[in-house]
Amino acid sequence: MSDGSAVREDAVAPVVADYGQTARPEAAARLLGEALRQARRERRLPLRDVAPVIRGSVSKLSRLERGESPPKERDVRDLVTFYRMTGEQAHEIESLLRQARDSAWWQQYSDVTPNWLKRLIGLEAAATQIYCYENHVVPGLLQTADYARSLVTNGLPGASTEEVERRVRLRLDRQCILRTAHRPGIVAMLDEGILQRPVGGPAVMRQQLDHLLQLSRHDGINIRIVPFERSASVAPSYPITHLVFGDGGPSELIYVELIDSALYLSRAAEIEQYRNVLLNLLAASARMKDSESMLEKAHARYAARAGYADW
């Protein structure tokens, strides 16, 4: 899915990101990790020989090199010293370390956002392409305020109005990447059951489906519906997101959402496995025009139930 060779029906053309003088924290962490990995490999050192330098295991060092965990100043600086980096190299590493530790806009929502979700938000902003599959709800990047509010309210029945609204605002602010000049290309595959599940009631669903239809008409946003009759043998029971980057760090990452946590996978074999799952889902999805027709029919049903004239 990442070679960009498929036509518009099956993929989104890549958009090259431009970060200017500074990188976003998650992007900087990945670039930092890649620089440290390159330094180790240039010195022909295996992970097991370097891990003791940061007082950790091979897996800890591997996560740092893949940008999968927040870098600690002491660890990074000890590696710079151990690798005997030049002053210029050390300056570059320090710059990336500073950027990786800078607070991003979503930190203001830290009280209502689990760490595994914060990382996804940052990675979305650094991606050039996002492929995702959702089996129960509209993906967060594509939700309306009322749809998100209904999900949060149902999921947190004891939450205060203030907490609910902060969570909704986070989801809406997260969508700012769709309005930037360098927004990522998006292929969103939605199980047909999402169209049948009346989150928030007919009026909310009508508004949400109208939003999806509008988004699907934007260049670079490809919304595909996976019909019931085709999904049985290809659809997993959990959401999957495949992020593709163009910033010089590791080029791909898989995000698998669980009930109250998430997995971030970056090893080649893992990425290939989940890429194949998404490719099979894309092949089973209705084509763009057919997906649009399914959205329109669902919109009409909810419009009738909500008492609106059909469009």
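Because the structure is predicted, anything quoted here is derived from the model rather than measured.

Rules and cut-offs
- Residue positions are counted from 1 within each chain, in the order its sequence is given.
- Only residues with pLDDT of 70 or above have their local features reported here, since the model is predicted, and side-chain atom pairs are shown and tallied only from 80 upward, although totals for entire chains, interfaces and linings are computed over all residues.
- Hydrogens are left out, water is left out, and the side-chain values use all remaining heavy atoms of the structure.
- Relative accessible area decides the class of each residue, using a 1.4 Å probe on protein chains only: under 20% of the type maximum gives buried, over 50% gives exposed, and in between gives partly exposed.
- For helices the rule is a DSSP run of H or I covering at least 4 residues; for strands it is a run of E covering at least 2, with both sets numbered from the N terminus onward.
- Strand pairing follows a simple DSSP-based rule, namely that at least 2 bridges must link the two strands.
- Here the expected length of a helix is defined as 1.5 Å per residue gap, with one fewer gap than residues.
- We call two residues in contact when some of their heavy atoms are within 4.5 Å.
- Here a polar contact is recorded for every N or O atom pair within 3.5 Å, except that within protein the pair must consist of a potential hydrogen donor and a potential acceptor, and residues adjacent in sequence are included only if both atoms are side-chain atoms.
- Here, axes are lines fitted to C-alpha atoms. For helices the fit covers the stretch in contact, and angles between N-to-C directions go from 0 to 180 degrees.
- A side-chain nitrogen of Lys or Arg and a carboxyl oxygen of Asp or Glu constitute a salt bridge if their distance falls within 4 Å.

Q: Run through the pairing of strand 5 (residues 252-257), naming residues and quoting values.
A: A large share of strand 5 lies buried, amounting to five of its six residues. Of the pairings in the sheet, the one linking strand 4 (residues 240-245) to strand 5 comprises five bridges and is antiparallel in character. Looking across to strand 5, one finds that Thr-241 is bridged to Tyr-255. The sheet contact formed by strand 5 and strand 6 (residues 262-265) spans four bridges and is antiparallel. Its bridge partner lying in strand 6, Glu-257 is registered against Ala-262. Counting the residues between successive antiparallel strands, the hairpin from strand 5 to strand 6 contains four residues.

Q: Any chance you could break down helix 8 (residues 161-174) for me, citing the residues and the numbers?
A: The end-to-end C-alpha distance of helix 8, which contains 14 residues, comes to 20 Å, matching closely the 20 Å that a straight helix rising 1.5 Å per residue would cover. Among the structural elements, helix 6 (115-126) and helix 7 (145-155) are those in contact with the buried residues of helix 8.

Q: Would you mind going over the environment of Asp-78 in detail, with residue names and values included?
A: Here Asp-78 is to be found in helix 4 (residues 73-82). Given the relative accessible area of 26%, Asp-78 is considered partly exposed. Sequence-distant contacts of Asp-78, defined by excluding residues within four places in its chain, comprise Val-53 and Arg-55. Reaching out from Asp-78, the side chain makes a polar contact with the side chain of Arg-55 at a distance of 2.9 Å.

Q: Hey, could you go over the sheet that holds strand 1 (residues 127-134) for me, with residue numbers and the actual values?
A: Read from one edge to the other, the open sheet built from six strands follows the order 3-2-1-4-5-6, with strand pairing classed as mixed. Pairing within the sheet leaves two strands with one partner each, and these edge strands are strand 3 (221-226) and strand 6. Ignoring strand direction, the axes of neighbouring strands in this sheet form an average angle of 15°.

Q: I'd love a proper account of unusual backbone geometry, names of residues and values included.
A: Unlike most non-glycine residues, Arg-55 shows phi in positive territory, near 55°. Locating Arg-55 in the fold gives a position in the loop between helix 2 (47-50) and helix 3 (58-65). Positive phi is not limited to glycine here, since Arg-84 has a value of about 55°. Note on placement: Arg-84 falls in the loop between helix 4 and helix 5 (87-101). For Arg-84, a relative accessible area of 76% translates into the label exposed.

Q: If you had to explain helix 6 to someone new, which residues and values would you point to?
A: Over its 12 residues, helix 6 extends 17 Å from the first C-alpha to the last, a length consistent with the 16 Å expected when each residue adds 1.5 Å. Burial analysis of helix 6 places 10 of its 12 residues in the buried class, the great majority of the element. Along helix 6, the residues classified as buried are Leu-117, Lys-118, Arg-119, Leu-120, Ile-121, Gly-122, Leu-123, Glu-124, Ala-125 and Ala-126. For helix 6, the elements touching its buried residues are helix 1 (25-42), strand 1, helix 8, strand 4, strand 5 and strand 6.

Q: Account for the pattern of salt bridges, naming residues and giving values.
A: Within this structure, the stated rule accounts for 18 salt bridges. Its salt-bridge partner being Glu-124, residue Arg-174 comes within 2.7 Å of it at the nearest N-O pair. Linking Arg-174 in helix 8 with Glu-124 in helix 6, this pair joins segments that are 50 residues apart in sequence. Classification of Arg-174 by relative accessible area gives buried; the value is 12%. When the shortest N-O distance is used, the salt bridge between Arg-149 and Asp-146 registers 2.7 Å.

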